[in-house]
Structure formats: structure tokens, C-alpha cells
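Understanding the architecture of this molecule
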Amino acid sequence: MSVVSALHASAALLLVVAGAAKLIRPADGFAGLVGLRTRPFVVRLIGALEAGAGIAALILGGPAAWIVGLLYAAFALVVLRAVLAGADSCGCFGRLDAPPSLIHVAGNLTLAAVSFIAAGAASPPVSAVVQAAEESSATGVALASVIALLAGLVLVSFTALPEALAARSPRRDGEGLFRPLPPPTTVGAAADNGSGRP
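Residues numbered from 1 in each chain as written. Predicted model: local features only at pLDDT ≥ 70, side-chain atom pairs only at ≥ 80, totals over all residues. Heavy atoms only, no water.

1. What about the pattern of salt bridges?
With the rule as written, the count across this model stands at one salt bridge. Glutamate 50 serves as the salt-bridge partner of lysine 22, at 2.9 Å between the closest nitrogen and oxygen. A residue pair is termed long-range when its members are at least 10 positions apart, and lysine 22 in helix α1 (residues 3–24) and glutamate 50 in helix α3 (residues 40–59) qualify at 28 residues. Residue lysine 22 is classed as buried on the basis of its relative accessible area, which comes to 1%. (Salt bridge = Lys/Arg side-chain N within 4 Å of Asp/Glu carboxyl O. Helix = DSSP H or I, 4+ residues; strand = E, 2+ residues; numbered from the N terminus. Buried < 20%, exposed > 50% of the residue type's maximum accessible area, 1.4 Å probe, protein only.)

Take a look at the structure:
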């Protein structure tokens, strides 16, 4: 399995996770950003489409990889809209808070490109992992682990990384993450005033 195929497999796996999250705990924000009424069944329908496309790409490959690529390209537009609208969460992973960011947009575009390239792969991801496991069980387990790890890293980069970067940057009101202490002279003056001295 090539690096591109492994990345595509992780993209398809992440799509299954995102779809399952929408099915279990739909967030209204996603449907609103897509321009649909914010109804849970609409979000669940989108989640079912995502999960189905991800599973099909993992098992069948080929045309299903194109669908995964198209979905990620569409998600890039949805997240970009969320960034421009200043939304707190895009609802991409159900109620798991996923603050929209340009990292998320770039990640979606990358996963879309990888999926388009992987559409021409000789065998679907699941078949490639099974074939590797038949040759060597350790290789098969390692390959499956790498795919799962890549999906986890992408999930973290979409959810936790933007929050961590936002926490490190100055806030809009000019304050940083921690409130600055007053200068020593101000503290001394405040103490003098509190003691009743002139």
C-alpha cells in the first residue's frame, strides 16, 4: 500500500467517524452552515451519507474514493463558510466541538486531493490490509495501526489544534491567555491606600 493509499484510507476512516458522530449526537450548526434547516434528522442523513461513503471507500475503493474526495471538497467550503461567519463550531463531528479554522479547510482540501489520487489504486484499503496480513500478520497489524493513527492525528488537527493555537494567540480585546499583573509601584500604591495612609 502506498502512502497516498494509506492517507486515503485514514480519510475514509475519519469520514466514518464523523458520520457516526452526526448519527449519534447531531449538532444543529452543521445543517445551518450547509444552508439547510437545523433539524436533527437532516444532520443524521448527512452523517449516514458520510459513513456509507467512508465504508464503501474502505471496502470497494475506486468510484467510492471519488465520492469521498467530493465530500471533503464540499466540507472545505462548509468550513470556510463557518470561518468567514465567525462560527464557534462547524458541527463536523457531531457535538464534539470542532472550531472552524483555515487548518480544517486546508486539511479537507488535502484529504480530497489524496482521495482523488487514490481512486486509481489497484486494490481498496481493506483488501490491501488483508493481503498484507496474509503475507505477515505483523505487517497487517502495523498497516491498520498506521491508518488508524493517521485518522486520529487528522481528527486532533481539526479539533484540538485550532483551539490550542487560538489559546496561544492574543485575544481580540488585546489581552493574552493570562491577565498581566500590575506593575510593582501600582501594587504598593494600592496597598498604601488600603491601609488608610494618605
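Read on, since the account is not over.
2. Looking at the environment of glycine 120
Inspection of the secondary structure assignment puts glycine 120 in the loop between α5 (102–118) and α6 (125–135). Judged by relative accessible area, glycine 120 falls into the exposed class, the value being 70%. Distance in space between the C-alpha atoms of glycine 120 and glycine 62 is 6.2 Å, their sequence separation being 58 residues.

3. Comments concerning the side chain of serine 10
As for its position among the elements, serine 10 is in helix α1. Side-chain polar atoms of serine 10 contact the backbone oxygen of leucine 7, separated by 2.6 Å. (Polar contact = N/O pair within 3.5 Å; in protein donor to acceptor, adjacent residues only side chain to side chain.)

4. Quick look at the nonpolar core
Counting residues in hydrophobic clusters, the biggest one holds 28 residues, and the most contacted among them are Leu14, Leu15, Val68, Tyr72, Phe93, Leu111 and Phe158. Residue assignment for this core shows that the elements contributing at least two residues are α1, α3, α4 (63–85), α5, α6 and α7 (137–168). Setting aside its immediate chain neighbours within four residues, tyrosine 72 contacts Ala11, Leu14, Leu15, Asn108, Leu111 and Ala112. (Core = buried A, V, L, I, M, F, W, Y, C linked by side-chain atoms within 4.5 Å. Contact = heavy atoms within 4.5 Å.)

5. Structural notes on a nonpolar patch on the surface
Residues Ile55, Ile59, Leu60, Val126 and Val130 make up a contiguous nonpolar surface patch of about 440 Å² in total accessible area. Those elements that place two or more of their residues in the nonpolar patch are α3 and α6. For leucine 60, the location among the structural elements is in the loop between α3 and α4. Taking the relative accessible area as the measure of exposure, leucine 60 reaches 63% and is therefore exposed. (Patch = residues over 30% accessible without salt bridge, like charges linked within 9 Å, V, L, I, M, F, W, Y side chains within 5 Å. Areas by Shrake-Rupley, 256 points an atom, 1.4 Å probe, with all protein chains shown as cover.)

That is the geometry; function is a separate question.
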